[in-house]
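Chains, contacts and geometry: an overview
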Amino acid sequence: MIRTVESEAPATAPVLAAYSYCEAVTGQQARNFAYGIRLLPTPKRRAVSALYAFSRRVDDIGDGELADDVKIARLDEARALLARVHEGAVAEDDTDPVAVALAHAARAFPIPLGGLDELIDGVQMDVRGETYETWDDLKVYCRCVAGAIGRLSLGVFGTGPGARGAERASEYADTLGLALQLTNILRDVREDAAGGRIYLPADDLAKFGCSAGFNGPKPPEGADFAGLVHFEVRRARALFAEGYRLLPMLDRRSGACVAAMAGIYRRLLDRIEREPEAVLRGRVSLPGHEKAYVAVRGLSGLDTRHVARRTVRRRA
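Residues numbered from 1 in each chain as written. Predicted model: local features only at pLDDT ≥ 70, side-chain atom pairs only at ≥ 80, totals over all residues. Heavy atoms only, no water.

Tallying secondary structure elements over the protein chain gives 15 helices and zero strands in all. When each of the 316 residues of the protein chain is scored for burial, the buried share is 52%. Contacts in the protein chain between residues at least 24 apart in sequence constitute 74% of all its contacts with a sequence separation of at least 6. Total accessible area on the protein chain is roughly 14300 Å²; 51% of this is exposed by carbon and sulfur atoms. (Helix = DSSP H or I, 4+ residues; strand = E, 2+ residues; numbered from the N terminus. Buried < 20%, exposed > 50% of the residue type's maximum accessible area, 1.4 Å probe, protein only. Contact = heavy atoms within 4.5 Å. Areas by Shrake-Rupley, 256 points an atom, 1.4 Å probe, with all protein chains shown as cover.)

Right, here's the structure in full:
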C-alpha cells in the first residue's frame, strides 16, 4: 500500500522556478498528459511535471538524430544525474531545472525513482533497435517506458486511507501504463515505421499478413490490417479494464487525473477501432471539447464509481 503525505518543506524561489520550467515542458510536449494533471492539487501537479520533464529528456535522446553511440553516452549522463537525485546531491541552485524539480519532488513524495532507471533501459532498447517476437517480449519494453511511469506517478498520488486491495495498486498502475503504451503504438504505427521501428509483435504481424511493415497510407498488399488492429485493440481494452481497478484506491483529484488521461486514450482507441487505416494516414487525436468532456467525467467520479461497482459485483 502506498500512502502519500506531501513534505512540509517549503518550495524556495529556485525550486518554484524549476517546477515552472517542468510544467512548461509538459504543457508544450504532452498535451494529453498535461490535460489530465491539471486536475491535481498544485504540489502533486508540480511533482508529476518534474517526472514528465525528466522522462521527456530521456525520450528525446532516443528519438533524436544523434549517432547511436552518442545517444548511449547521453543516456548514461541522464542515469548519472538520476543517481545524484537518489543520493540527495542536487543543490537548489543547480543549473539544471529538471534536476532541481525532481530532487524536490523526491523529497516531498515517496517516488520509486528506480522507475526512471527502467525508462532509460527501455530507451536503450530503442537505440539498439530491438524488435519483439511476442506480446510477452513487448510487455518487457512497455513496462520500462510506460508501466514504470504509472508506478512513479502512483508514488505522487498515493492511495486513500483504508482503500481495499491497495497492496495491488502498483500492479494496476503498471497495467494501466501498458494499456496507454499499446494505444500509443497503434496510433503511431506509421510514424514509427518511417523511423525504422516496428513495435507490434512479429507473431501478430505474421498472423495478419502485415510482416512487410507500414510504409505508406495503405496496408501491405493482401494484409488484414483491420484484423490486426482489432486484435490489438481487444488486448488494450483488457489492460484498461484491469488497470482501471486502481481508480477507487485514489483520492478524488488523483482519481480524476488518472481517469482523464486514461479516458482520452480509451477514446483514441475507439477511433482507431472504428477506422483502423486512419493511423496509416496520420496521427489520430481528439478535439479539445472531447478532452474536456473526459475531464468532467473524471472530476464527477463516474468512472471511479463504475469501477467500484463492478469490483463489488465480482466479489459478491
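This next bit is on the packing of helix α4 (residues 68-86) against helix α5 (residues 97-108). At their nearest, the axes of α4 and α5 sit 9 Å apart, and the two run at 40 degrees to each other. Put simply, α4 runs oblique to α5. At the point where α4 passes α5, the crossing takes the right-handed sense. Along the contact surface, α4 presents Leu-81, Leu-82 and Val-85, while α5 presents Ala-99, Leu-102, Ala-103 and Ala-106. Residues that form the contact of α4 with α5 fall into these classes: seven nonpolar, no polar and no charged. (Axes fitted to C-alpha atoms, helices over the stretch in contact; angles between N-to-C directions. Parallel < 35°, antiparallel > 145°, perpendicular 65-115°, else oblique. Left-handed = near helix turned anticlockwise from the far one by under 90°. Nonpolar A, V, L, I, M, F, W, Y, C, P; charged D, E, K, R; others polar.)

What follows is about the packing of aromatic side chains. This model, assessed by the stated rule, comprises five aromatic pairs. Centre to centre, the rings of Tyr-132 and Tyr-141 are 5.5 Å apart; their planes meet at 35 degrees, and the pair counts as tilted. For Tyr-132, a relative accessible area of 3% corresponds to the buried category. Seen from their ring centres, Phe-240 and Tyr-244 are 6.3 Å apart, and the 80 degrees between their planes marks the pair as edge-to-face. Judged by its relative accessible area of 2%, Phe-240 is buried. An aromatic cluster is defined as three or more aromatic residues linked by ring pairs; in this entry it consists of Tyr-132, Tyr-141 and Tyr-199. If you follow Arg-266 out to its NZ or CZ, it ends over the ring of Tyr-244, 4.8 Å from the centre. (Phe/Tyr/Trp six-rings, centres within 6.5 Å; stacked < 30°, edge-to-face > 60°. Lys NZ or Arg CZ within 6 Å of the ring centre and 35° of its normal.)

Among the structural elements, Tyr-293 can be located in helix α14 (residues 288-300). Tyr-293 sits 33 residues away from Ala-260 along the chain, and the two C-alpha atoms are 9.0 Å apart.

Soluble globular proteins: nonpolar side chains tend toward being buried together. Residues Phe-54, Leu-116, Phe-214 and Phe-225 are the most contacted members of the largest nonpolar core, which totals 104 residues. The biggest single contributor to this core is helix α12 (residues 252-274), with twelve residues. Discounting residues that sit within four places of it in the chain, Phe-54 has contacts with Ala-78, Leu-81, Leu-82, Val-98, Leu-102, Leu-116 and Ile-120. (Core = buried A, V, L, I, M, F, W, Y, C linked by side-chain atoms within 4.5 Å.)

Among the secondary structure elements, Leu-228 is positioned in helix α11 (residues 225-243). C-alpha separation for the pair Leu-228 and Asp-204, spaced 24 residues apart in sequence, amounts to 7.1 Å. Filtering out sequence-adjacent residues up to four positions away, Leu-228 remains in contact with Leu-200, Asp-204, Leu-205, Phe-208, Cys-210 and Phe-214.

Further remarks concern the side chain of Gln-124. Position of Gln-124 relative to the elements: it lies in helix α6 (residues 114-127). Not counting the four nearest positions on each side in its chain, Gln-124 is found in contact with Ile-72, Leu-75, Asp-76 and Arg-79.

Turning to the environment of Ile-264, a few remarks are in order. Position of Ile-264 among the secondary structure elements: in helix α12. Judged by relative accessible area, Ile-264 falls into the buried class, the value being 0%. Along the backbone, Ile-264 and Val-294 are 30 residues apart, and their C-alpha atoms lie at a distance of 6.6 Å.

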